[in-house]
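So you can see what is in the structure, the chains are spelled out below.
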Amino acid sequence: MNPTVQQQDVGQRARDQQLFEEKVLGLISEEELAALTTALVAAGGENPGGTEEATVQVLADFSRAAGLDVVTATVAEGRPNFTAVLPGGDQPGMLFLGHSDVVPAGTGWERPPYEPYVRDGRLFGRGSTDMKGGLAAVLIALKALKDAGAELPFNAALACTVDEEDLGLGIRAYTASAAADPAFRYSACVVAEPTDLETVIGCRGDSYIELTITGKSAHSGRPADGRNAIDAAARILELVRNDHALLQAEQDPLLGAGTWNIGLIKGGTGTSMVAAECTVTLDRRLMPDDDAQLILDRLLAQVSGAGIDTDGISVFAEVTMEMPGFRTPEDHALVSNSVAALADAGVDSAIRGWTAACDGGFVVRDLGVPAIVMGPGGLNDQAHQVNESVSIAEIVAAAKAYALMCLRHGGS
């Protein structure tokens, strides 16, 4: 082919792509986004203590009306995982990930937390930032692609799981099912959690470790007759504090360091009695290569080495929750796609890491799909806060960026 003709063809394809992108972006409606986010916030879904069923119903009703394929899978009573798919070709596709539960609202709200309202360009209500705004942005993006007649060579999907805010039952069920499904073909994952529309390329993980220390009760007037479980717990916690200090001495430039936090402690039955039992729950934040069980094994070895679990004291410990961390190279195509799409949506996106944890680590670890986190709203100033809110302009920008990322996704 004549080089000049070839250049003209390339230029024409680029112009056609730009025109189609503009068509898709023109179909993203601020009013529709605000209405969907409002409906999702009003559906509630507090965890623990509630179910996500009402939120999933809103997602499903909207998705079916938009012409998307909908699948739900019950994880527990009233707790269905949800997937909406914009079907395309058989190349590896683009997966968006979110969760349908919210943390308890608590007290101190200026208005009822599940009666959302808009003021000064922000939508208020529990879950507006974490993460009903992100869910709405993904579905509106998929709808715009569908309405524009996009013919993607891959599937674009939203997977929305239950129980992210507690034990991660939903994501575990989702990844187990996806790993066994030969039709699961995705080469990129965008977790739509709130990042202030920054592109997060790595997250720490998290784990919960529960210790049960058992001793022997006795009268407090003769403490030597007993074996004090609280005393033993205090010695174990000193080991934990020492390890925390050692971890802080080696900071990763992107993710910081692993941490320990003593979250819950309960022991004893009366002041005049030697405590026969004490339970402690620890939060151990994980670096991407950390294994919570190995960390616990090392702690128990230290406990035995210090002679804490001897002379009538026994220690039982287990990992009750683990959420893996992950790291995606800064030069990965998924990262550059996010930054460029956000720029074309009017957002100058920084690339950074997260000290928080999210479900993206399961997708990376269990399914081998690279991930980033990028979504509307502020993690530190809005998520889990009283009078939580999200900028509607950010939801609009997120929806536009998600749509552009789908149009520009290279598959494998």
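Above this text sits the structure in question.
Reading the values: rules and limits
- Residues numbered from 1 in each chain as written.
- Predicted model: local features only at pLDDT ≥ 70, side-chain atom pairs only at ≥ 80, totals over all residues.
- Heavy atoms only, no water.
- Helix = DSSP H or I, 4+ residues; strand = E, 2+ residues; numbered from the N terminus.
- Buried < 20%, exposed > 50% of the residue type's maximum accessible area, 1.4 Å probe, protein only.
- Areas by Shrake-Rupley, 256 points an atom, 1.4 Å probe, with all protein chains shown as cover.
- Salt bridge = Lys/Arg side-chain N within 4 Å of Asp/Glu carboxyl O.
- Phe/Tyr/Trp six-rings, centres within 6.5 Å; stacked < 30°, edge-to-face > 60°.
- Lys NZ or Arg CZ within 6 Å of the ring centre and 35° of its normal.
- Pairing = 2+ DSSP bridges.
- Axes fitted to C-alpha atoms, helices over the stretch in contact; angles between N-to-C directions.
- Expected span 1.5 Å × (residues − 1).
- Arc of directions from axis to C-beta.
- Contact = heavy atoms within 4.5 Å.
- Polar contact = N/O pair within 3.5 Å; in protein donor to acceptor, adjacent residues only side chain to side chain.

J.: What is the right way to look at the overall build of the protein chain in this model?
T.: Scanning the protein chain from terminus to terminus reveals 10 helices and 16 strands. Seen along its three principal axes, the alpha-carbon backbone of the protein chain occupies a region of about 95 × 50 × 40 Å. Across the 412 residues that make up the protein chain, the buried fraction comes to 50%. When the accessible area of the protein chain is evaluated, it comes to approximately 17,800 Å², of which 50% is carbon and sulfur surface.

J.: Explanation requested: the pattern of salt bridges in the structure shown.
T.: Pairing is possible between side chains that carry opposite charge, provided their charged atoms lie close to one another. Under the definition given, this model contains 17 salt bridges. Across the pair D147 and K143 runs a salt bridge whose closest N-O atoms are separated by 2.9 Å. Pair noted here: D147 and K143 are both in helix α4 (residues 128-147), with a separation of 4 residues, about one helical turn. Residue D147 is classed as partly exposed on the basis of its relative accessible area of 42%. Assessed through its relative accessible area of 18%, K143 is described here as buried. One salt bridge connects R284 with D290, and the closest N-O pair in it is separated by 3.7 Å.

J.: Hey, could you run me through the packing of aromatic side chains in this one?
T.: The description of an aromatic ring pair uses the distance of the two centres, along with the angle that the planes make with each other. Overall, the coordinates contain 4 aromatic pairs when judged by the stated rule. Seen in terms of ring centroids, Y174 and F184 are 6.5 Å apart; in terms of plane orientation they differ by 75 degrees. Their pairing is edge-to-face. Here Y174 is found in helix α5 (residues 169-179), whereas its partner F184 is found in the loop between α5 and β7 (186-191), with 10 residues between them in sequence. Owing to a relative accessible area of 17%, F184 belongs among the buried residues under this scheme. Put simply, the rings of Y174, F184 and Y186 pair up and form one aromatic cluster. Lying across the ring of Y117, R111 places its NZ or CZ 3.9 Å from the centre. Over the ring of F124 we find R119; its NZ or CZ atom is 4.8 Å from the centre of that ring.

J.: Any chance you could explain the pairing of strand β8 (residues 199-203) here in plain terms?
T.: Put simply, side chains in a regular strand alternate between the two faces of the sheet. Of all the 5 residues making up β8, 5 are buried; the element is thus mostly covered by neighbouring parts of the structure. Bridging between β8 and strand β14 (residues 351-354) involves 4 bridges; their strand directions are parallel. Residue pairing across strands places T199 opposite I351, the latter belonging to β14. Summarising the sheet, β8 and strand β13 (residues 326-327) pair through 2 bridges and their orientation is antiparallel. Across the sheet, residue G202 finds its bridge partner in β13, namely R327.

J.: What should I look at first to understand the sheet that holds strand β5 (residues 122-124) in this one?
T.: Within a beta sheet, neighbouring strands are joined by backbone hydrogen bonds and run either parallel or antiparallel to one another. Taken together, 3 strands build an open sheet; the order of strands is β4-β5-β16 and the sheet is antiparallel. Looking along the sheet, the strands with just one partner apiece sit at the ends: β4 (117-119) and β16 (389-391). Across this sheet, the average inter-strand angle for adjacent strands is 30 degrees, counted without regard to direction. Relative to β16, β5 is paired through 3 bridges, and the arrangement is antiparallel. Its bridge partner being in β16, R122 is matched across the sheet by S391.

J.: Teacher, can you tell me more about helix α7 (residues 292-305) here?
T.: In this model α7 runs 20 Å from its N-terminal to its C-terminal C-alpha over 14 residues, within 8% of the 20 Å that 1.5 Å per residue would give. By the burial criterion, the buried members of α7 are A292, I295, L296, L299 and V303. For α7, the arc enclosing every buried residue in end-on projection is 95 degrees, short of the 170-degree limit, so these residues lie on one face. Packing partners of the buried residues in α7 comprise β9 (205-214), α6 (229-248), β10 (259-267), β11 (277-286) and β12 (314-323). Capping the start of α7, D291 holds a side-chain oxygen 2.9 Å from the backbone nitrogen of Q293, two or three residues further along. One or two residues past the end of α7 sits G307, with phi positive at roughly 70 degrees.

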